[in-house]
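Now for the letters of each chain:
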Amino acid sequence: MKLLWAVSALLLSCWRANASTAPNIITDPSEVSNQTSAVLSCNLTESSLPIKGSHWTHNGKVIDESKSTNTAPFTTLHLEKITHSSGGKYECVFLTEPQVKQTIEVKTLPHVAAYKHSEHGNERDKGVMVCVSHGYPLPTDWTWFKEEDGTQRPIINGTSEKYEIKSTPNKTILTINDLSIESDIGDYFCSGTNDLGTATDKIHLRVRSRLAALWPFLGIVAEVIILVTIIFIYEKRRKPDEINDDDDSGSAPLKSNSNANHKDKNVRQRNSN
């Protein structure tokens, strides 16, 4: 029993010794929220592990410019301009055995963009509008509006069979059933909201008549009819003129023959005399 207590005490003392020398990374700042620029730093303390170098990652991808073979327990990363594309999770990684790392979150306002800023659909068909979001964190709430008389009327999903909204953190889709030229044409707004605020984008919806596709064909048919009519009128007016020309050309030889016969008759009379 005494031996068991002695072994337990030895293991406990070893665990405490390891815990007291466990690597610890102090980050500054611990989080970046809605800033235009920042300097991220990590300080590795309470570690006896040899350091072969360090680097930073952004959303799991290594930032090549941050790779270093410096054995110092301190590393920094400069973010000159923070946009929705530079938001996310940054990790400082120290190349020890095993590696030690710590995370700093860089949060930005949501970036909301319409997939297409102008959409169109045919009357009585479906109209589909899509908005996407980038940045970190992604929106936790999506809302659609329709502009009517200068005000934005919210579109509530499930209140009628007219509208259907499907949303994920990075995308929202608004489907309008049975499109109407009278009531559905106009501007629609999609809004995404995260912990830091809200961003919005606009889509203009056009609704075409179901006969719109026939107009080009009808235009071609009309052009053909007009062309055939012009040719028909031209040919009809040209034919009487050709008949008159033929009559004139046929009478000329008869006149010349009578003159010739008259001359022959005069010659015969002279010979008889």
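Residues numbered from 1 in each chain as written. Predicted model: local features only at pLDDT ≥ 70, side-chain atom pairs only at ≥ 80, totals over all residues. Heavy atoms only, no water.

Participant: Can you explain the overall build of the protein? Please cite residues and give values.
Facilitator: Counting its regular elements, the protein contains 2 helices and 17 strands. Taken across its 273 residues, the protein has 29% of its residues classed as buried. Considering only contacts in the protein between residues 6 or more positions apart, those separated by 24 or more positions represent 60%. Element-wise, carbon and sulfur atoms account for 55% of the exposed surface of the protein, whose accessible area totals about 18700 Å². (Helix = DSSP H or I, 4+ residues; strand = E, 2+ residues; numbered from the N terminus. Buried < 20%, exposed > 50% of the residue type's maximum accessible area, 1.4 Å probe, protein only. Contact = heavy atoms within 4.5 Å. Areas by Shrake-Rupley, 256 points an atom, 1.4 Å probe, with all protein chains shown as cover.)

Participant: Could you give me a rundown of the pattern of salt bridges, with the residues and numbers involved?
Facilitator: Inspection of the entire model under this criterion finds 7 salt bridges. Here Lys107 ties to Glu31 by a salt bridge, and the two come within 3.5 Å at their closest N and O atoms. In this pair, Lys107 is assigned in strand 8 (residues 100-107) and Glu31 in strand 2 (residues 31-33), connecting sequence segments 76 residues apart. Residue classification places Lys107 among the buried positions, given a relative accessible area of 16%. Given a relative accessible area of 37%, Glu31 falls into the partly exposed group. (Salt bridge = Lys/Arg side-chain N within 4 Å of Asp/Glu carboxyl O.)

Participant: Now, about the state of the cysteines: what can you tell me, with residues and values included?
Facilitator: Within this structure, the stated rule accounts for 2 disulfides. Note that Cys42 is cross-linked by a disulfide to Cys92, the S-S spacing being 2.0 Å. Taking the sign of the S-S torsion, about -90° here, the bridge from Cys42 to Cys92 comes out left-handed. Here the residue Cys42 occupies a position in strand 3 (residues 38-45), and Cys92 occupies one in strand 7 (residues 88-94), the gap between them amounting to 50 residues. Judged by relative accessible area, Cys92 falls into the buried class, the value being 0%. Between Cys131 and Cys190 runs a disulfide, and the two sulfur atoms are separated by 1.9 Å. (Disulfide = S-S within 2.5 Å.)

Participant: Before we move on, could you go through the pairing of strand 14 (residues 163-168) and cite the residues and values that matter?
Facilitator: Pairing of strand 14 with strand 15 (residues 171-176), which is carried by 6 bridges, proceeds in the antiparallel orientation. The residue of strand 15 that forms the bridge with Lys166 is Ile173. The turn joining strand 14 and strand 15, which pair antiparallel and follow one another in sequence, is formed by 2 residues. (Pairing = 2+ DSSP bridges.)

Participant: Quick rundown of the sheet that holds strand 6 (residues 74-79)? Include the residues and the values.
Facilitator: Strand order in the open sheet made by the 3 strands is 1-3-6, with antiparallel pairing throughout. In this open sheet, the two edge strands, each paired with only one partner strand, are strand 1 (24-28) and strand 6. In this sheet, neighbouring strand axes are inclined to one another by 15° on average, regardless of whether the strands run parallel or antiparallel. (Axes fitted to C-alpha atoms, helices over the stretch in contact; angles between N-to-C directions.)

Participant: Report on the sheet that holds strand 5 (residues 61-62), specifying residues and quantitative values.
Facilitator: Strand order in the open sheet formed by 5 strands is 2-8-7-4-5, with mixed pairing between adjacent strands. If you trace the sheet from one side to the other, it starts and ends with strand 2 and strand 5, each paired once. Bridge count for strand 2 against strand 8 is 3 bridges, and the pairing is parallel. Among the inter-strand pairings, Val32 is bridged to a residue of strand 8, identified as Val106.

Participant: Provide a residue-level description of the environment of Thr140, including the pertinent values.
Facilitator: By secondary structure assignment, the location of Thr140 is in the loop between strand 11 (127-134) and strand 12 (141-148). Thr140 has contacts with Thr193 and Asn194, leaving out every residue within four places of it along the chain.

Participant: Quick one: what's the story with the side chain of Ser41, residue by residue and with numbers?
Facilitator: By the secondary structure assignment, Ser41 is in strand 3. Sequence-distant contacts of Ser41, defined by excluding residues within four places in its chain, comprise Ile26, Thr27, Asp28, Trp56, Phe74, Thr75, Thr76 and Ile104.

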